[in-house]
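# Reading the structure
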Amino acid sequence: SINILRHSQKTAHNMRTFESPGSGVCTVSERSIGVLSLMREGQDVVTFSTPAELRRVCLRLLADSKAADDIARTGFQHTKDETYLKRVSQITEIERL
């Protein structure tokens, strides 16, 4: 799964940061401070900054299915408890304060 960030998200992250690994797939994400503060590079996600780097990363993962499977597995474990129900609970708790 390739995660490309919108211009407004270049220092943040988006829902795919959790949704892709939570779906049990290897995630290749555009690199940002936000993504790297939540995910472990090379363990939960592989990141890129340029189209050329994206191409290199994808070709490497396609040639090494074990690496892609390992990233998918650890990414899933890392995000499996990060649910929308948890987010809603956090938001409603903040609004009560």
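Note: the structure precedes this text.
Residues numbered from 1 in each chain as written. Predicted model: local features only at pLDDT ≥ 70, side-chain atom pairs only at ≥ 80, totals over all residues. Heavy atoms only, no water.

Among the nonpolar cores identified, the biggest contains 11 residues, and these are Cys-26, Val-28, Val-46, Phe-48, Leu-54, Val-57, Leu-61, Ala-67, Ala-68, Ile-71 and Ala-72. Elements that contribute at least two residues to this core include exactly strand E3 (46–48), helix H3 (51–63) and helix H4 (65–79). Contact partners of Leu-61, with chain neighbours within four places excluded, come to Cys-26, Val-28, Val-46, Ala-67, Ala-68 and Ile-71. (Core = buried A, V, L, I, M, F, W, Y, C linked by side-chain atoms within 4.5 Å. Buried < 20%, exposed > 50% of the residue type's maximum accessible area, 1.4 Å probe, protein only. Helix = DSSP H or I, 4+ residues; strand = E, 2+ residues; numbered from the N terminus. Contact = heavy atoms within 4.5 Å.)

What follows deals with the pattern of salt bridges. Across all of its chains, the model carries 7 salt bridges by this definition. Between Arg-73 and Asp-70 there is a salt bridge, with its nearest N and O atoms 2.7 Å apart. Residue Arg-73 and its partner Asp-70 are both found in helix H4; the two are separated by 3 residues, about one turn of the helix. In this structure, Arg-87 and Glu-82 form a salt bridge, with 2.6 Å as the shortest nitrogen-oxygen distance. The class of Glu-82 is partly exposed, set by a relative accessible area of 27%. A network of salt bridges, in which partner residues are shared, links Lys-66, Asp-70 and Arg-73. (Salt bridge = Lys/Arg side-chain N within 4 Å of Asp/Glu carboxyl O.)

Take H3 next. Here H3 spans 18 Å end to end across 13 residues, near enough to the 18 Å set by a 1.5 Å rise per residue. Within H3 the residues assigned to the buried category are Glu-53, Leu-54, Val-57 and Leu-61. Seen along its axis, H3 keeps its buried residues to an arc of 100 degrees; they face one direction. In H3, the exposed residues that point more than 90 degrees away from the buried face are Pro-51, Arg-55, Arg-56, Leu-62 and Ala-63. On its buried side, H3 packs onto strand E1 (2–3), strand E2 (28–30), E3 and H4. (Expected span 1.5 Å × (residues − 1). Arc of directions from axis to C-beta.)

Now for the sheet that holds E1. Taken in spatial order, the 3 strands of this open sheet run E1-E2-E3, and their pairing is parallel. Sheet topology places E1 and E3 at the edges, where each strand pairs with a single neighbour. Sheet topology places E2 next to E3; 3 bridges connect them, and they run parallel. From the neighbouring strand, Val-28 faces E3, where its bridge partner is Val-46. Packed on one face of the sheet, H3 meets E1, E2 and E3 and runs near 155 degrees to E3. (Pairing = 2+ DSSP bridges. Axes fitted to C-alpha atoms, helices over the stretch in contact; angles between N-to-C directions.)

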